[in-house]
Each structure stands twice: as structure tokens, then as C-alpha cells.
Amino acid sequence: MLWNRQYRVKFPDLNLEFANTLRITFDITKDLSKETNKGKLVLYNLSDATRQKIEVPDTKVEIYAGYKDNGGPVRLFVGSVISSSTKDDGKDVATELSLSDGQKAIRDTAFSLSFGPNTPGNTIVQYIADEMGLPVVFGDGVEFGTFKDGYSFVGTARDALDSICYGSGVKWSVQNEILQLILEGGTVSNKGLVFAPDSGLIGSPEHYTKTNAQPNAATAKRKQAQQENKDSSTAESGWKIRTLLSPTLNPGDLVKVESRYVTGWLKVKSAHHSGDTHSGDWASEIDLVDRNATLQSPESDAAGTTAVYSDATGVSSGEVSANVDAGCEAVDAAQGGYVNDGCVYRVAQAGSYWSPFLAQESQNGQWGVQGLLDDANAAGVTVVPYDGSQLAKGDTIVFSDGISPAHVGVYDGQGGMWHNSSSHQCWYHASSLDMGSQYPEYIIKTSEA
């Protein structure tokens, strides 16, 4: 009932708060993408002085909503103003604020990082979160490896998080100005809401499936789209449900649905919360997937492997060629963009499909080219001066800049290679080994070890 609805809207930096007085409407959408969650808040019939205060860009806003008989208003959304508008229809003056969650932290945080050898990845993530001014929550099972040779980075917080999370099966997002990291198929272990006809569920769950919009074949056009992060051909299935407003619900949460159509624990992929204090619905629309499902179904089993990437122990030589394709295409399908100084990082990710040595390097968080060479020599992996006649598919080519080893790539068996390309800003398949001023200096025989 309308009179059971309660809210609070706070502008903490202005020491300003409204609670159950003005008419408000809200429309909030949350998901697990790296793009900030967005919301719209409309406040009616403010004074001119108050309106001028809250319309200032980057003003922080906290929205609380709920029901009187269910604990009252709880935090629904935290964000900052990115734009505003005011309309007067002759009856009411409506001020609409467009809001973004974590906008300032993601937009404004840039730094130069340097950590010594054997630094845990979780320590680096915590430092990044502190620099962003955000608390951090690690979901179930999120544990980064140790950066054996240390970690250095210059750039934005967004790119730093990408570089650390990429290939670890971890996704980061900002939820109510909290940096959240969860496994690709995992959840955050802080919820256990149950939705049933007698506990908030409205109507019947709707099952959906979406087929790929394009063929699964790795066409040249599709490869280009993937490299530019424009490939939208994903297949997925799940359930959409509608409930009474559930303000505590966030993407990544685990919830239980009990209905005649589906019963079980599901993961929240996205949530849309909307309401009007004076009319209409006050509800949440929730997109759910199986708790163990990835948020986007991959094109192949290889691309769907989570963690870094698979265990290559025991791979026979007869399987190497196919697994080289699988590993390189898995990194290509994931497409996290160019990783600063990440050539070894990405080669190790792909190589974990066919090379026990590269799998171990990936798990150890190896990033340095010289460190990779040293580890190969220490592990007894064959390293030879570059000779094209010695190349085999799956070998790691080490390039030099004339001073020291500077870059690595995976030989594709056809005269080209996969590598972390700064010029193309992605994990890229090159048709040749031409690296301009850099030249091949060594071959690490990762096709054999």
C-alpha cells in the first residue's frame, strides 16, 4: 500500500535530507559491468535555493527506500549527479537528477604503482580501492596469485583493475560506491533472499533464451569485431522475475526463487528498481542466471574456462596444436583490451592450455620477460637462440629491443603469432613476426614443456 512506502534522500556533502515529505520517483539499474550503474531521481516542488544546491555536478546522493512494516528505508543507491533538468508543468515543478555510481572514483583516479617481488594480488587490489576512496568486497573464492617479480603500473584505476582481473576469472564493478570483485561464475556471499508468491514475488517467473546473433564460425569480420570489443553475438538463458521493491539486492547476490516454474538458487545478473511515492508500482525487476553460469555464454568450451585458464598438466604432444588454438582463442574471446606491460601475462594465460610451464607462470603471476626466461632456464625448459627452423606451434618467441628482452608472443605454426599488441590495443593475431624495431632473440620451447 502507498502509505507503507518510506524513503530518505540524503545529500551528505550538503547536510541536506528529505524523508517521507516530498514526492519522489526513482529509476535505478544495476549490473556487473565495468560501466557505472546509472539512476534517475526526480524530486517535486523544491525551493529555488535547494534546487540550485543539489543540481551541481558531482554532488553525492544517497537513496534509501523500503516499507514501514519491513524495517523501513534501507540503502538502495549511492551515486553522484552527472546532469540535471527542471520542468514546470503548471502544477508541479519536477527536478530530475541523473546519477552515476562510482563516477568520480573511476573517472578521476590515476596513479603510478610499484610493488616489490612476491606481492599478493589482493594487496594490490586493496591499494587501488584505497586510492579510489572505495571500500572493497571480495566475493566467494576470489584470491589473486602472487606477483613473483613484483607489479608496476602507470595509468587509470580502471585499467589497473582490468590488468589484474583479466584471465583470473574475476569481474569487478562498483555497487553503491563499493568496489566488488566476484568470480565469473560466482556470487557475493552476503545475501540469501527468498522470493515466493507469499514473500514478494509478483506474477510468474519468465524464462528466456537468447541465441547467438551471428554464426559461431571465427570469420575474419567477427575476429575484427572481437578485437574492437564490438562483438555482441552471445548466447544466454535465465529467468526474469518481478518483486516488491527489494532495495538491498545487488548484482552478484545469490537468491532463491520458489514457484511452480522454477525453484532453486540463482545469481542476480542485473536489477532494475523503480518507484513513485505517490502512485504506480514500487518494484524490482531482476534478471537471474544459474548460480554457476557465466554472465555471457562463450562460443566454445575453451572460451568458457574460468580461472587462469586451464590445467595443462598431462597434455600430450598430439594435443598441443589444438590446445594452442583453444588457448589463444579463449583470450581473444574474453577480450579485456590491451594490458599495459602485459605481454608475458597474456602469453601465460593462453599457454596454460598446452604448456605446464606457462600454466605455472600464470598461476605465479609472472609479468616480466626476463623473469620468464629465468624461470624457463631454472625449470629446465629448452631455450635456444632464435632460428626460424626451430619454431613449432605453441613456442614462445622472445623479442629484444637491442638492449634487453622486451616482448613475447606465441607462434601460431603458420608464420604469425598471437601477442599483446600495443598498436592494436588488444590480444592480437599477427600474420607475421615483424615487430618493427624489435627482433626475435630467443625461442622458449613451450610446445614441448
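Given the structure is predicted, the values throughout are model-derived calculations rather than measurements. Every chain is numbered independently, its residues counted from 1 as its sequence is written. Reporting of local features is limited, given that this is a predicted model, to residues whose pLDDT is at least 70; pairs of side-chain atoms are given and counted only at 80 or more, and all residues count toward the totals for whole chains, interfaces and linings. Side-chain descriptors were evaluated using all non-hydrogen atoms of the structure, hydrogens and water having been removed beforehand.

**What about the sheet that holds strand 14 (residues 179–183)?**
Short version of the rule: At least two DSSP bridges between two strands are required for those strands to pair. Strands are runs of DSSP state E lasting at least 2 residues, helices are runs of H or I lasting at least 4, and numbering of each runs from the N terminus. A fitted line through C-alpha atoms represents every axis, and for helices the fit uses only the stretch in contact; the resulting angles, taken between N-to-C directions, go from 0 to 180 degrees. Any pair of residues with heavy atoms lying within 4.5 Å of one another is described as a contacting pair.
Pairing in this open sheet of three strands is mixed, and the strands run 10-14-13 from one edge to the other. The strands lining the two open edges of the sheet, one partner per strand, are strand 10 (136–138) and strand 13 (170–174). Between one strand axis and the next, the sheet turns through 20 degrees on average, direction left out of account. Judged from the five bridges that link them, strand 13 and strand 14 form a sheet pairing that is antiparallel. In the strand pairing of strand 14, Val174 is matched with Leu179. In this fold helix 4 (residues 157–165) packs onto strand 13 and strand 14, with an angle of close to 155 degrees to the strand it touches most, strand 13.

**Quick word on the sheet that holds strand 22 (residues 396–400)**
With respect to topology, six strands assemble into an open sheet ordered 21-26-22-23-24-25, the strand pairing being antiparallel. With one partner strand each, in any of the chains shown, strand 21 (383–385) and strand 25 (426–430) form the two edges of the open sheet. Pairwise comparison of adjacent strand axes, ignoring direction, gives a mean angle of 35 degrees for this sheet. Here strand 22 runs beside strand 26 (residues 439–444); their pairing, made up of five bridges, is antiparallel. Bridge pairing links Phe399 to Pro440 in strand 26. Contacts between helix 7 (residues 343–351) and the sheet are confined to strand 22, strand 23 (405–411), strand 24 (417–421) and strand 25, with strand 23 contributing the most and set at about 25 degrees to the helix. With respect to the sheet, helix 9 (residues 369–379) is in contact with strand 21, strand 22, strand 23 and strand 26, its orientation differing from that of strand 23 by roughly 65 degrees.

**Topic: the packing of helix 8 (residues 356–364) against helix 9**
Our working definition: These descriptions rest on fixed angle ranges, namely under 35 degrees for roughly parallel, over 145 for roughly antiparallel, 65 to 115 for roughly perpendicular, and the rest for oblique. By convention, the crossing between two helices is left-handed when the near helix turns anticlockwise from the far helix through less than a right angle, and right-handed when the turn is clockwise. For this classification, Asp, Glu, Lys and Arg are treated as charged, while Ala, Val, Leu, Ile, Met, Phe, Trp, Tyr, Cys and Pro are nonpolar and the rest, including Gly, are polar.
Where helix 8 contacts helix 9, the axes come no closer than 11 Å and their chain directions differ by 130 degrees. Judged on the interaxial angle alone, helix 9 and helix 8 are oblique. Note on packing geometry: the crossing formed by helix 8 with helix 9 is right-handed. Facing Phe357, Leu358 and Glu361 of helix 8, the residues of helix 9 in contact are Gly371, Leu372, Asp375, Ala376 and Ala379. Here the residues of the contact of helix 8 with helix 9 are counted per class, giving five nonpolar, one polar and two charged.

**Let's talk about the confidence of the model for the protein**
Any segment with low pLDDT has predicted coordinates that should not be analysed in fine detail. Under the convention used in this document: Each residue carries a pLDDT score, the predictor's confidence in it, ranging from 0 to 100.
When pLDDT is averaged across the protein, the result is 83; 85% of the residues are at 70 or more. Low pLDDT, under 50, characterises residues 213–234; the predicted model gives this stretch 36 contacts beyond four residues in sequence or across chains. Scored below 50 in pLDDT, residues 292–318 shows 64 contacts in the model against residues more than four places distant or in partner chains.

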